[in-house]
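Tertiary structure, described
The lines below spell out each chain.
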Amino acid sequence: YVNEAYARMAGHDDGAALLGAHWSVLYAPDDARRLLATAMQALARDGHWQGESVGRRSDGSTFPQELTLSQLPTGGMVCVVRDVTERKAQEELLRSWSLRDELTGLYNRRGFLATARERLAATRESGAPSVLLYLDLDDFKEIN
């Protein structure tokens, strides 16, 4: 059984379009493999699993979702899905605000340090030569 709310979330007119389809068609290929390796094993072992995944709509577009799986005593499974697109967008906005200056869009101190750490680590791993240029603009807060 597939309820109409999930069918619409997945881009179908009703749940009948999904009956008989393998569950993996509802996920991005990489995420379907990850779910098979982690969620389905946890479901078989513990009887439940909860986490995030990337759902795939009928038109091929993807969307972030929270997923809760529960094993039924009869051998079936209940899957509860919540589209978390709005929440993820808000999280990204907050992350951006924490790393960038709102006026200029340039990295603030936290953003600069985080990016510098990532790039320096990547440079160390690759062994390639690198240059780091850091500019400190005096009195920029007054301009801001």
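In this report, we go over the structure that sits alongside the text.

1. Quick notes on the packing of helix α2 (residues 29–37) against helix α3 (residues 39–46)
Any two packed helices are characterised by the angle at which their axes cross and by the distance between the axes. Direction vectors running N to C along α2 and α3 enclose 25°, while the axes themselves pass 3 Å from each other. It follows that α2 is roughly parallel to α3 by the angle criterion. Contacts between α2 and α3 involve Arg34, Leu35, Leu36 and Ala37 from the former and Ala39, Met40 and Gln41 from the latter.

2. Comments concerning the pairing of strand β3 (residues 77–83)
In this structure, strand β2 (residues 62–71) lies alongside β3, joined through seven bridges in antiparallel fashion. Residue pairing across strands places Leu67 opposite Val81, the latter belonging to β3. The antiparallel hairpin formed by β2 and β3 contains five residues in its connecting segment, where Gly75 sits at a positive phi of about 105°.

3. Things to note about a nonpolar patch on the surface
On the surface, Leu72, Val78 and Val80 cluster together into a nonpolar patch covering about 220 Å² of accessible area. You can see Val78 is positioned in strand β3. In this structure Val78 comes out as partly exposed when scored by relative accessible area, which is 38%.

4. Here we look at the layout of surface pockets
Put simply, the second largest pocket is a space of about 550 Å³. Considering the residues around the second largest pocket, the lining is formed by 24 residues, among which Tyr1, Val2, Tyr6, Leu26 and Cys79 are closest to the centre. Broken down by secondary-structure element, the contributors of at least two residues to the lining of the second largest pocket are α1 (4–9), α3, β2 and β3. Counting residues per element, the lining of the second largest pocket draws most heavily on β3, which supplies five residues. In terms of residue class, the lining of the second largest pocket is made up of 21 nonpolar, three polar and no charged.

5. Focus on α3
An α-helix turns once per 3.6 residues; consequently, residues spaced three or four apart project the same way. Of all the residues in α3, the buried ones are Ala39, Met40, Ala42 and Leu43. Looking straight down α3, one finds its buried side chains confined to an arc of 160°; they lie on one side. Opposite the buried face of α3, at more than 90 degrees from it, the exposed residues are Ala44 and Arg45. On its buried face, α3 sits against α2, β1 (48–56), β2 and β3.

Criteria and cut-off values
Along each chain, residue indices are assigned from 1 in the same order as the chain's sequence is written. Reporting in this predicted model follows two pLDDT cut-offs: at least 70 for local features of residues, and 80 or more for side-chain atom pairs to be given and counted; totals over whole chains, interfaces and linings ignore these cut-offs and use all residues. Side-chain calculation: all heavy atoms of the structure are included, whereas hydrogens and water are not. Think of each axis as a best-fit line through the C-alpha atoms, taken over the contacting stretch in the case of a helix, with angles from 0 to 180 degrees between the N-to-C directions. Put simply, DSSP H or I for four residues or longer makes a helix, DSSP E for two residues or longer makes a strand, and each gets a number counted from the N terminus. Roughly parallel means an angle under 35 degrees; roughly antiparallel, over 145; roughly perpendicular, 65 to 115; everything else is oblique. Residue contacts are defined here by distance: any two heavy atoms, one from each residue, within 4.5 Å place the two residues in contact. Pairing between strands is defined by DSSP: at least two bridges between the two strands are required. Exposure above 30% relative accessible area and the lack of any salt bridge qualify a residue for a patch; like charges then connect within 9 Å, and the nonpolar side chains Val, Leu, Ile, Met, Phe, Trp and Tyr within 5 Å. Note that accessible areas follow from Shrake-Rupley with a 1.4 Å probe, and for residues the cover is restricted to the protein chains shown. Any carboxyl oxygen of Asp or Glu that lies within 4 Å of a side-chain nitrogen of Lys or Arg is treated as forming a salt bridge with it. Relative accessible area decides the class of each residue, using a 1.4 Å probe on protein chains only: under 20% of the type maximum gives buried, over 50% gives exposed, and in between gives partly exposed. Residues are said to line a cavity or pocket when one of their atoms sits within 4 Å of a point; the points come from a 1 Å grid over protein atoms alone, cavities being sets where a 1.4 Å probe fits but cannot get out and pockets being open sets with protein on both sides within 12 Å along at least five of seven lines. Grid points are joined across faces, edges and corners, and a volume is the space filled by probe spheres set on the points. Under the scheme applied, nonpolar residues are Ala, Val, Leu, Ile, Met, Phe, Trp, Tyr, Cys and Pro; charged residues are Asp, Glu, Lys and Arg; polar residues are all the others, including Gly. Note that the arc is computed from the directions linking the helix axis to the C-beta atoms.

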